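Below, each chain spelled out in residue letters.
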Amino acid sequence: MLTRFRKLNIGKKLQAINFLIVGLITLLTAVNLSYFMSSSLLDDYQKKARTLSGMLAESLDSALMFDDVKAAQEVLGSLRSVPDVGYAAIYDKSGRLFASYARANEPISPPATFDPSQQGLTALSGHLSKTYLLPILGVAPKRAQIGTITMHMDLSEAYSEIFKQIGIILLIGLFILA
């Protein structure tokens, strides 16, 4: 291969070197964009989960304080309109499951007790997902924690969209090189 390259005239050598440089720059740009898009995606979902959890916490504090499971289930039922939420669970102060919501086709269900080590990025049955948690504060002046909300967000559709965009970027890079 190297002897073949040595036999080329200077114009073809420069053209080959330019081709390699542009290809490398395109590849590095695609890697950089994919990292940026995935980190932005996770940040956006974290903000969305915090916003939803904050709104739920405001509605659930009285249900937890008065041990009203039915009211908590009704509040969690409002998550049906948010397609990214796979499940949400409310745990009382002792860590026991108080109320939960799960999407009909969700393969994961909330655990019966709360363990903070369960939070994190998991790959389960081909779906990328992330579980977020937020404390529920009481309405008392000191606002002590009276429970915890965990929300399991399904990121598979968002990641497939990112992969499509990365594929388009790589195709554009190939067309530029051709």
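See the structure printed just above.
Only a predicted model underlies this, so the values are computations on that prediction, with no experimental measurement involved.

Conventions adopted
- Residues numbered from 1 in each chain as written.
- Predicted model: local features only at pLDDT ≥ 70, side-chain atom pairs only at ≥ 80, totals over all residues.
- Heavy atoms only, no water.
- Helix = DSSP H or I, 4+ residues; strand = E, 2+ residues; numbered from the N terminus.
- Expected span 1.5 Å × (residues − 1).
- Bend = angle between axes of the 7 residues up to and from the residue.
- Patch = residues over 30% accessible without salt bridge, like charges linked within 9 Å, V, L, I, M, F, W, Y side chains within 5 Å.
- Areas by Shrake-Rupley, 256 points an atom, 1.4 Å probe, with all protein chains shown as cover.
- Salt bridge = Lys/Arg side-chain N within 4 Å of Asp/Glu carboxyl O.
- Buried < 20%, exposed > 50% of the residue type's maximum accessible area, 1.4 Å probe, protein only.
- Core = buried A, V, L, I, M, F, W, Y, C linked by side-chain atoms within 4.5 Å.
- Contact = heavy atoms within 4.5 Å.
- Pairing = 2+ DSSP bridges.

Chemist: Just checking my understanding: could you explain unusual backbone geometry for this structure?
Modeler: The bulk of non-glycine residues show a negative phi, and the bulk of peptide bonds are trans. For Asp-67, which is not a glycine, the phi torsion comes out positive at approximately 55 degrees. The topology assignment puts Asp-67 in the loop between α2 (10-65) and α3 (69-77).

Chemist: Even after reading the chapter, I still don't get α2, so can you show me in this structure?
Modeler: With 56 residues, α2 extends 80 Å between its outermost C-alpha atoms, agreeing within 8% with the 82 Å of an ideal straight helix rising 1.5 Å per residue. Roughly 40 degrees is the biggest bend found in α2, and it falls at Ser-59. Looking one or two residues beyond α2, the residue adopting positive phi is Asp-67, at roughly 55 degrees.

Chemist: Which parts of the structure should I look at to understand a nonpolar patch on the surface?
Modeler: Side chains of Leu-2, Phe-5, Leu-8, Ile-17, Ile-21 and Ile-25 sit close together on the surface and give an oily, nonpolar patch of about 520 Å² of accessible area. Those elements that provide at least two residues to the nonpolar patch are α1 (2-7) and α2. With 3 residues, α2 is the single largest residue contributor to the nonpolar patch. With respect to the helices and strands, the residue Ile-21 is situated in helix α2. Ile-21 gets classed as partly exposed once you look at its relative accessible area, which sits at 44%.

Chemist: Would you mind showing me how to read the nonpolar core here?
Modeler: Within soluble globular proteins, side chains that are nonpolar generally end up buried alongside one another. In this structure, Leu-56, Leu-60, Leu-76, Leu-79, Val-85, Ile-90 and Met-153 are the most contacted members of the largest nonpolar core, which totals 30 residues. Those elements that place two or more of their residues in this core are α2, α3, β1 (85-92), β2 (97-102), β5 (145-154) and α4 (156-177). For Leu-76, the contacting residues outside a window of four places in its chain are Leu-56, Leu-60, Ala-88, Ile-90, Ala-99, Ser-100 and Tyr-101.

Chemist: How should I be thinking about the pairing of β2 in this particular structure?
Modeler: In summary, the side chains of a regular strand alternate between the two faces of the sheet. With 5 bridges joining them, β1 and β2 adopt antiparallel strand pairing. The residue bridging Tyr-87 from the neighbouring strand is Ala-102, located in β2. Turn length for the β1-β2 hairpin, with the two strands adjacent in sequence and antiparallel, is 4 residues, and the turn residue Gly-95 shows positive phi of about 95 degrees.

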